[in-house]
Amino acid sequence: MKYLVRLDERSFLVSVVEADGRLTVEVDGKSVEIEVEEAGLGRYALFADGRSHDLAVSWVPGSAALAIGGDTFALSVEEWRAGRAMTGAASTAVEGRQVIRAPMPGKVVRVDVAEGERVEKGQRLAVLEAMKMENDVMAPNAGCVQEVRVAAGDVVEHGRTLIVLEKDCITADGEGG
Amino acid sequence: MGRQPEFMTTFKKILVANRGEIAARIIRTCRDLGVKVVAVYSDADRTSLHVRMADEAYHLGGATPQDSYLDVDRIVELAARSGAEAIHPGYGFVSENPSLAEACTRAGIIFVGPTADAMRKVGEKTGARVIAESVGVAIVPGAVASAGSLGELKTSAREIGYPVLLKASAGGGGKGMRRVDSDAELADAFRAASSEAGTAFGDRSVYVEKLLESPRHVEVQFLADNHGTVVCLGERDCSIQRRHQKLIEETPSPAVDPELRSALFDATERVARAAGYTNAGTIEFLLDRQGNHYFLEVNARLQVEHPVTEEATGLDLVREQLKVATGARLDSSLKNMQLPRRAAIECRIYAEDSRNRFIPSPGVVRALEEPRGHGVRVESASYPGMMVGLDYDPLLAKLVTWGTSREEAIARMRRALQEYLILGVKTTIPFHRFVMEDAEFLRGSYDTGFASRWLASAEALSDELAVTAAAAVGVLAWRERSARIARRREGAGGSGWGQAARQAALRWR
């Protein structure tokens, strides 16, 4: 059985095969000696390469997570079948189109640009407040504001699209400056 | 012999006007003293730990601080109605609001903190600077009045010379603070600083001072009673900060020798006396590279990092605060305490992604295991299942260790951080683990620019550990699948929610 395991942005292809009552585990084609023992609710003792680790896993839908070595990671697991393309992190820039997403959950304090407006690289597009701190959302590149998807006062999730930039302004005629 | 110390016969019930770990911490001392506790809460905190710990709990209002923890009238009304003799404000929120102290006086309730008058004198940062200057304590060059307009601000900034720092007059905790390097940046910084200051403190005024490059931030903890006794309980070095907010504090400061210590204590005493200050307070100083010290501000309250001083001295500062509030004298032995006694260090555990510019990381704490053992103290109000929202400061806990030497305190901190397990929200723990191994920090030669240098070098989980974790997840997924197949064969439905949740999370195809 093969699984695509994601820890934050990193992906691993994990193969688990049972033979004679023993599990053989490979990660990205390399064999891994590992034993996993359940220690309690969502807690596991790991034994790997002569070292022991404390692992905690939460399987809550939509916010599965894993903690090991003093750090915590968003977790996703999918069964993987041969021939299926691996999809990486969502591409944010396609052919000059740049999607500006919320870098954190928070409240939109203000939006500084309007649709059709030209912006310079590093120009402030919006201000996002989270936990009482105001954070500037900057243009990663020069471009033209194609869409403004939020307004002041909106509460946004992490990763929510705020603004879409195009390299050039697209007018009703299809082309523009 | 009675159950309570003699000075505590004044109080039978105290209202704690705060939330989170500091509310829990104050409640614990009240318990030690045999005093009943009244908690208050916002809509967001109805089930929070401090509410469950208290003897009584009353609703303040909506989740926003303005509707709840900043509502002076409501807090005083609840104290009066519940029969509390005193209000302890903790830190933040209403702790440095003189109108609370006044409202308490009017209602015949004791405010655990300085008088409204002293608070006004030192609370306005600009006013505090005037006091410090008047008793011969050096201040950071800059304005002594709030800027009324952008034009005024520009004039002051040019006089002082860029770079300058905009600061909230009523502020603290880095809110409403902005570095400005030129005229061009001033308007935006002014707007942002005023707006943040308004939200956090209900006062939009800001002032400007010279920005010292890479200074150290050292503060002195003091106690003052109503009988003219002022005692300094040692310094804390708070130079490890991000966004002007402290992350790590330690005592003694590696940058303070006995001579500087006595100069800092002397300056602290003079400012405290000049302001007529009573109860617990802290005076913050900046040290420049030449070893000069400058008065920065007075924090007219208990500080977040007060446990550092408690672990180093063995004192309970909340107990001392309550004692002073009853009008009792401070114990004379405090005056003669040999300092430093021991080393102590605090790491603030915030729900922030320290590998990603310390951006907030709200969510649900899915699993939690706080460190234990000798020399370790955890101040926390967290629990598994706790929702970390966006309404309040994301401080989950404070991890404090002490040792007979700095090295011992750091070794214990390293051990404690190793044991810490928080699942579900990103925290500052990876940053702290990095710091406790960092050569510069271990030498004690760090400054306020330290955290920004980590930002550049933030490393993710080691490849080896990531592979191990991924392999373990693969094994668990495989077992789950086998168990599911076995159940299907047996025709047993399997109704546990955990199973359903696991399957949903695994997104089987």
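Definitions and limits used
Residues numbered from 1 in each chain as written. Chains lettered and ligands numbered in written order. Predicted model: local features only at pLDDT ≥ 70, side-chain atom pairs only at ≥ 80, totals over all residues. Heavy atoms only, no water. Helix = DSSP H or I, 4+ residues; strand = E, 2+ residues; numbered from the N terminus. Contact = heavy atoms within 4.5 Å. Areas by Shrake-Rupley, 256 points an atom, 1.4 Å probe, with all protein chains shown as cover. Buried < 20%, exposed > 50% of the residue type's maximum accessible area, 1.4 Å probe, protein only. Polar contact = N/O pair within 3.5 Å; in protein donor to acceptor, adjacent residues only side chain to side chain. Buried area = accessible area lost by both parts, 1.4 Å probe. Salt bridge = Lys/Arg side-chain N within 4 Å of Asp/Glu carboxyl O. Nonpolar A, V, L, I, M, F, W, Y, C, P; charged D, E, K, R; others polar. Pairing = 2+ DSSP bridges. Axes fitted to C-alpha atoms, helices over the stretch in contact; angles between N-to-C directions. Core = buried A, V, L, I, M, F, W, Y, C linked by side-chain atoms within 4.5 Å. Parallel < 35°, antiparallel > 145°, perpendicular 65-115°, else oblique. Phe/Tyr/Trp six-rings, centres within 6.5 Å; stacked < 30°, edge-to-face > 60°.

Colleague: Sorry, what's going on with the overall build of chain A here?
Modeller: Along its length, chain A carries 0 helices and 18 strands. Long-range pairs, those at least 24 residues apart, make up 42% of the contacts in chain A with a sequence separation of at least 6. Surface summary for chain A: the accessible area is close to 9,200 Å², and the carbon and sulfur share equals 48%.

Colleague: Is there a simple way to explain the environment of Thr47(B) in this structure?
Modeller: Residue and element names in this part refer to chain B. Mapped onto the elements, Thr47 comes out in the loop between strand S2 (36-42) and helix H2 (49-53). The exposed category is assigned to Thr47, whose relative accessible area is 55%. In sequence terms Thr47 and Tyr392 are 345 residues apart; their C-alpha atoms lie 15 Å from each other. In contact with Thr47, other than residues within four places in its own chain, are Arg52 and Tyr383.

Colleague: Is there a simple way to think about the environment of Ser82(B) in this case?
Modeller: Residues and elements named next belong to chain B. With respect to the helices, strands and loops of the structure, Ser82 is situated in helix H3 (residues 72-82). The spacing of Ser82 and Lys13 is 69 residues in sequence and 8.6 Å in space, taken between C-alpha atoms. If we skip the residues at most four places from it in the chain, Ser82 touches Lys13, Val38, Glu56 and Tyr58. A polar side-chain atom of Ser82 sits 2.8 Å from the main-chain carbonyl oxygen of Leu78.

Colleague: I tried to follow the interface of chain B and chain A on my own but got confused; where do I start?
Modeller: How big an interface is tends to be stated in terms of accessible area lost as the parts join. In this assembly, 65 residues from chain B lie in contact with 59 residues from chain A. With both chains or domains summed, chain B and chain A bury close to 5,600 Å², and 66% of this area falls on carbon and sulfur atoms. In this structure, the connection of chain B to chain A is made through 6 salt bridges. Close ionic contact of Glu369(B) with Arg43(A) constitutes a salt bridge, the shortest N to O distance being 3.0 Å. If you look at where chain B meets chain A, you find 11 residue pairs in polar contact (both at pLDDT 80 or more). Elements that contribute at least two residues to the side of chain B that touches chain A include exactly helix H8 (183-201), strand S16 (359-360), strand S18 (367-369), strand S22 (421-423), helix H13 (429-435), helix H16 (463-490) and helix H17 (497-506) of chain B. The leading source of residues in the side of chain B that touches chain A is H16(B), at 18 residues. Here the residues of the side of chain B that touches chain A sort into 37 nonpolar, 8 polar and 20 charged.

Colleague: Explanation requested: the sheet that holds strand S14 (residues 343-350) of chain B in the structure shown.
Modeller: In a beta sheet, neighbouring strands are held together by backbone hydrogen bonds and run either parallel or antiparallel to one another. Residues and elements named next belong to chain B. Here 8 strands make up an open sheet; going across it, the order is S13-S12-S9-S10-S11-S14-S21-S19 and the pairing antiparallel. Looking at the sheet topology across the chains shown, the edges are occupied by strand S13 (293-299) and strand S19 (376-380). Each neighbouring strand pair of the sheet contributes to a mean axis angle of 25°, computed without reference to strand direction. Pairing between S14 and strand S21 (residues 395-403): 8 bridges, direction antiparallel.

Colleague: It is not clear to me how the nonpolar core should be interpreted in this structure. Could you clarify?
Modeller: In a soluble, globular protein the nonpolar side chains are often hidden away together inside. All names here are of chain B. The biggest cluster of nonpolar side chains holds 75 residues, and the ones touching the most others in it are Ile248, Ile422, Phe431, Met436 and Phe441. With 6 residues, the single largest contributor to this core is helix H1 (residues 20-32). The residues touching Met436, leaving out its near neighbours within four places in the chain, are Ile248, Ile345, Cys347, Ile410, Met413, Arg414, Leu417, Phe441 and Leu442. Formed by 52 residues, the second largest nonpolar core is a distinct cluster that contains Leu15, Tyr41, Val256 and Ala272.

Colleague: Would you explain unusual backbone geometry in this entry?
Modeller: If a residue is not glycine, its phi is most likely negative; likewise, a peptide bond is most likely trans. For the bond from Thr251(B) to Pro252(B), the omega torsion is -10°, close enough to zero to count as cis. Structurally, Pro252(B) is set in the loop between strand S11 (245-251) and helix H9 (258-274). Cis geometry is adopted by the peptide bond preceding Pro340(B), which originates at Leu339(B) and carries an omega value of -5°. Tracing the backbone shows Pro340(B) in the loop between helix H11 (317-325) and S14. Unusually for a residue other than glycine, Asp20(A) sits at a positive phi of about 50°. By the secondary structure assignment, Asp20(A) is in the loop between strand S2 (10-19) and strand S3 (22-27). For Asn279(B), which is not a glycine, the phi torsion comes out positive at approximately 80°. Mapped onto the elements, Asn279(B) comes out in strand S12 (residues 279-287). Residue Asn279(B) is classed as buried on the basis of its relative accessible area, which comes to 1%.

Colleague: Even after reading the chapter, I still don't get the pattern of salt bridges, so can you show me in this structure?
Modeller: Applying the stated criterion to the full structure yields 55 salt bridges over all chains. One salt bridge connects Arg110(A) with Asp112(A), and the closest N-O pair in it is separated by 2.8 Å. Glu352(B) is the partner of Arg243(B) in a salt bridge, and the nearest nitrogen-oxygen pair spans 3.2 Å. Pair noted here: Arg243(B) is in the loop between strand S10 (230-242) and S11 and Glu352(B) is in strand S15 (residues 352-353), with a separation of 109 residues, a long-range link. Among the charged side chains, a network of salt bridges with common partners joins Glu219(B), Arg236(B), Lys246(B), Glu249(B), Glu284(B), Glu305(B), Glu346(B) and Arg348(B).

Colleague: Sorry if this is basic, but what is going on with the packing of helix H5 (residues 116-123) of chain B against helix H6 (residues 125-134) of chain B here?
Modeller: All names here are of chain B. It is the contact of H5 with H6, at a shortest axis distance of 5 Å, that shows an interaxial angle of 90°. The angle between the axes of H5 and H6 places the two elements in the roughly perpendicular class. Here Lys121, Val122 and Gly123 of H5 come into contact with H6, specifically with Lys125, Gly127, Ala128 and Ile131. Residue composition of the contact of H5 with H6, grouped by class: 3 nonpolar, 2 polar and 2 charged.

Colleague: Could you clarify how one ought to interpret the environment of Ala56(A) in this entry?
Modeller: With respect to the secondary-structure elements, Ala56(A) resides in strand S7 (residues 51-58). Ala56(A) sits in the buried class, given a relative accessible area of 0%. Along the sequence, Ala56(A) and Gly40(A) sit 16 residues apart, while their C-alpha atoms lie 9.5 Å from each other. Apart from residues no more than four positions distant in its own chain, Ala56(A) is found in contact with Gly42(A), Arg43(A), Ala65(A), Leu66(A), Ala67(A), Ala367(B), Leu421(B) and Leu423(B).

Colleague: How should I be thinking about the packing of aromatic side chains in this particular structure?
Modeller: Here a ring pair, both rings aromatic, is described through the centre-centre distance and the interplanar angle of the planes. Residues and elements named next belong to chain B. Overall, the coordinates contain 8 aromatic pairs over all chains when judged by the stated rule. Summarising the aromatic geometry, the rings of Tyr69 and Tyr392 are spaced 5.7 Å apart at their centres and angled 80° between planes, so their arrangement reads as edge-to-face. Of this pair, Tyr69 sits in the loop between strand S3 (56-61) and H3 while Tyr392 sits in the loop between strand S20 (387-388) and S21; the two residues are 323 residues apart in sequence, bridging distant segments of the chain. Each member of the pair, Tyr69 as well as Tyr392, is classed as buried. Where Phe93 meets Tyr392, the ring centres are 6.2 Å apart and the plane angle is 80°; that geometry is what we call edge-to-face. Residue Phe93 is located in the loop between strand S4 (86-88) and helix H4 (98-107), and its partner Tyr392 is located in the loop between S20 and S21; the two are separated by 299 residues in the primary sequence. Under the relative-accessibility criterion, Phe93 is labelled partly exposed at 27%. One aromatic cluster is present, built from ring pairs that chain together Phe358, Phe431, Phe434 and Trp454.

Colleague: Help me understand the sheet that holds strand S8 (residues 206-210) of chain B, please; the structure alone is not making it clear to me.
Modeller: Residue and element names in this part refer to chain B. In spatial order, the strands read S7-S6-S8; together these 3 strands make up an open sheet with antiparallel pairing. If you trace the sheet from one side to the other, it starts and ends with strand S7 (178-180) and S8, each paired once. Ignoring strand direction, the axes of neighbouring strands in this sheet form an average angle of 30°. Sheet topology note: the strand S6 (residues 164-168)/S8 ladder contains 5 bridges and is antiparallel.

Colleague: How do you make sense of helix H10 (residues 306-313) of chain B when you look at a structure like this?
Modeller: The periodicity of an α-helix, 3.6 residues per turn, causes residues three or four positions apart to be oriented the same way. Residue and element names in this part refer to chain B. Across the 8 residues of H10, 8 count as buried, placing the element largely inside the fold. The complete set of buried residues in H10 reads His306, Pro307, Val308, Thr309, Glu310, Glu311, Ala312 and Thr313. Of the residues flanking the end of H10, it is Gly314, one or two places downstream, whose phi is positive at about 85°.

Spatial relationships are all this shows, so hold off on functional conclusions.
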